[in-house]
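For reference, the chains in residue letters:
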Amino acid sequence: MVQVNGNYLKLKAGYLFPEIARRVKAFAAAHPDAPLIRLGIGDVTEPLPAACREAMKAAIDAMGTAEGFYGYGPEQGYLWLREAIARHDFQARGCAIDAEEIFISDGSKCDSSNILDILGPDNRIAVTDPVYPVYVDSNVMAGRTGEADASGRYGGLTYLPITADNGFIAPLPEQPVDLIYLCFPNNPTGAVATRAQLQQWVDHARATGALILFDAAYEAFIQDPELPHSIYEIEGARDCAIEFRSFSKNAGFTGTRCALTVVPRGLMGTTAAGEAVELWGLWNRRQSTKFNGVSYIVQRGAEAVYSAAGQAEVKALVAFYMENAAIIRRELAAAGLQVYGGEQAPYVWLKTPAGLDSWAFFDRLLEEANVVGTPGSGFGAAGEGYFRLSAFNSRANVEEAMARIARASLVPASAGVA
Ligand code: MLT
């Protein structure tokens, strides 16, 4: 009989969001009239920008003609999209990133997992705790961890706790690591790193020969002009970092699928024998073999994000969700909850009221307010006692959810906004 990948059996329960969906489905089945509001998974709700839709429609029409038809595209993505990204997202911010260093893909979730294909099995890995679960689970699946302990932490991983005490910015690892996952603006805590904080990470990575995997999927939500959007705004980052970006959250492409990964030329790793190898070539080889690119139609839609109309629409979308985040912060604080994040990110991270663990708070919120959120413990052991609410929903739903939370009196009158 065929053997399975036993590493999958090390995984704790289901992936967080399907597990939430399972519990919500059971609740909805038992309470078919409950008017649920979902502030759990960070999935966008507003329509696709008109500029993107028009570009995709034009691309579909072109595909219906012999001259405008495209079959397989370049596995790395079309050059016109890669050039637009290089110009607008990187060069305009002073980052020396070239189009050929940008690889178009169908998602940052996929890329942040797939990148393990080109990295050796013995790398020592550091993740924050709490963390976007994909970073951990993809390493478990690839056999790069031991078993999980009772708290859900896997052997072989270095966990860097991020809590209110350190402002949700991870301390540098005390033991040597080779691979470091960083996500700013952070999912789930909504924290964001300053230039100086990122410089510390880059300096550390360069000094130790580590590689930073930098997830910037939420960079568009940064409001403070002083804060860096890309790791490549930091001196030396080209020598030690790969960056993931996405059109999912800024332009509403969660269902449409388009993202990108930046692998700078000259960024090196080593073979087991110590010989230097350029990571760009390996990623290019990996993508050419295992990926056939994002559809022409979707890439034309993504390109339209960089048109004047597209930029204005994306800005308005981000402003809309950030206003939701501001409402969530304000109302939760008024309800007596301690809240974090939500100022440079579409996630509000809150301390669960005294005595309730994350899943107990999830259940109470669901039962008493019919609001779905995400338990902090689902992001890691240090997320216990915290809870995440997403700002991705309609204004009416956000306001209604906050009104219900206020009515449910879930919290003792003790805390406030951090
Ligand atoms: C989340 O809710 O954390 C996001 O949906 C993650 C993702 O984009 O995969």
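Computed from a predicted model, the values in this text were never measured in an experiment.

**Q** Tell me about the domain arrangement of the chain, and name the residues and values.
**A** Segmenting the chain into domains produces domain 1 (7-47 + 319-408) and domain 2 (51-308). In this structure, domain 1 and domain 2 have C-alpha centres spaced 26 Å apart. Roughly 2,900 Å² of surface becomes buried between domain 1 and domain 2 when both sides are summed, with 63% attributable to carbon and sulfur atoms. The interface formed by domain 1 and domain 2 includes twelve residue pairs in polar contact (both at pLDDT 80 or more). Those elements that place two or more of their residues in the side of domain 1 that touches domain 2 are helix H9 (308-334), strand S11 (339-341), strand S12 (347-351) and strand S15 (386-390). Looking at the side of domain 1 that touches domain 2 residue by residue, the class counts come to 17 nonpolar, eight polar and five charged.

**Q** Run through the site of the ligand, naming residues and quoting values.
**A** Around the ligand sit Phe17, Ile41, Gly42, Tyr132, Asn187, Tyr218, Lys249, Tyr347 and Arg388, and those are all the residues in its vicinity. Between the ligand and the protein, one listed contact pairs an oxygen atom with a backbone N or O atom of glycine 42 at 2.6 Å. Computed on the free molecule, the ligand has an accessible area of 260 Å², of which 85% lies beneath the protein chains in the complex. Each residue belonging to the shell around the ligand can be placed in one class, and the counts come to five nonpolar, two polar and two charged. For the shell around the ligand, the two domains that each supply at least three residues are domain 1 (7-47 + 319-408) and domain 2 (51-308).

**Q** So what's going on with the packing of helix H1 (residues 16-30) against helix H10 (residues 358-369)? Residues and values would help.
**A** Two quantities define a packed helix pair, namely the angle between the axes and the distance from one axis to the other. Between H1 and H10, the shortest axis-to-axis distance is 11 Å and the interhelical angle comes to 40 degrees. Comparing their axes, H10 and H1 come out oblique. Viewed along their axes, H1 and H10 form a crossing whose handedness is right-handed. Where H1 approaches H10, its residues Leu16, Glu19, Ile20, Arg23, Val24 and Phe27 are matched on the opposing element by Trp359, Phe362, Asp363, Leu366 and Glu367.

**Q** Could you give an account of the state of the cysteines, naming the residues involved and the relevant values?
**A** Simply put, the disulfide is a covalent bond whose two ends are the sulfur atoms of two cysteines. Under the criterion given, the structure shown has zero disulfides. The thiol of cysteine 95 is unpaired, and the distance to the nearest cysteine sulfur, on cysteine 240, comes to 13 Å. Take cysteine 183: it sits in no disulfide, and the sulfur closest to it among the cysteines is that of cysteine 110, at 15 Å. Since its relative accessible area comes to 4%, cysteine 183 is described here as buried.

**Q** Can you lay out the environment of phenylalanine 17 for me, pointing to particular residues and giving the numbers?
**A** Assignment of secondary structure puts phenylalanine 17 in helix H1. In the structure, phenylalanine 17 is positioned 313 residues away from arginine 330 in sequence and 26 Å away in space, judged by C-alpha atoms.

**Q** Report on the sheet that holds S12, specifying residues and quantitative values.
**A** Read from one edge to the other, the open sheet built from four strands follows the order S11-S12-S15-S14, with strand pairing classed as antiparallel. One side of each edge strand has no neighbouring strand; the edge strands of this open sheet are S11 and strand S14 (374-375). Sheet analysis places S12 next to S15, joined by five bridges and oriented antiparallel. Looking at the pairing, leucine 350 lines up with phenylalanine 387 of S15. Along the sheet, H10 contacts S12, S14 and S15; its crossing angle with S15, the most-contacted strand, is approximately 45 degrees.

**Q** Requested: an account of the nonpolar core, with residues and values cited.
**A** By size, the foremost hydrophobic cluster in this structure holds 100 residues, and its most contacted members are Ile212, Phe247, Leu332 and Leu389. Take this core: its biggest share by element is ten residues, from H9. There are two domains that each give this core at least three residues, and those are domain 1 (7-47 + 319-408) and domain 2 (51-308). Leaving out residues up to four positions away in the same chain, phenylalanine 247 has contacts with Leu81, Ile85, Gly252, Phe253, Cys258, Ala259, Leu260, Ala302, Val305 and Tyr306. Counting 29 residues, the second-largest nonpolar core is a separate cluster that includes Ile118, Val127, Leu267 and Trp280.

Criteria and cut-off values
Residues numbered from 1 in each chain as written. Predicted model: local features only at pLDDT ≥ 70, side-chain atom pairs only at ≥ 80, totals over all residues. Heavy atoms only, no water. Domains from an automatic or database assignment. Buried area = accessible area lost by both parts, 1.4 Å probe. Polar contact = N/O pair within 3.5 Å; in protein donor to acceptor, adjacent residues only side chain to side chain. Helix = DSSP H or I, 4+ residues; strand = E, 2+ residues; numbered from the N terminus. Nonpolar A, V, L, I, M, F, W, Y, C, P; charged D, E, K, R; others polar. Near = heavy atom within 4 Å. Areas by Shrake-Rupley, 256 points an atom, 1.4 Å probe, with all protein chains shown as cover. Axes fitted to C-alpha atoms, helices over the stretch in contact; angles between N-to-C directions. Parallel < 35°, antiparallel > 145°, perpendicular 65-115°, else oblique. Left-handed = near helix turned anticlockwise from the far one by under 90°. Contact = heavy atoms within 4.5 Å. Disulfide = S-S within 2.5 Å. Buried < 20%, exposed > 50% of the residue type's maximum accessible area, 1.4 Å probe, protein only. Pairing = 2+ DSSP bridges. Core = buried A, V, L, I, M, F, W, Y, C linked by side-chain atoms within 4.5 Å.

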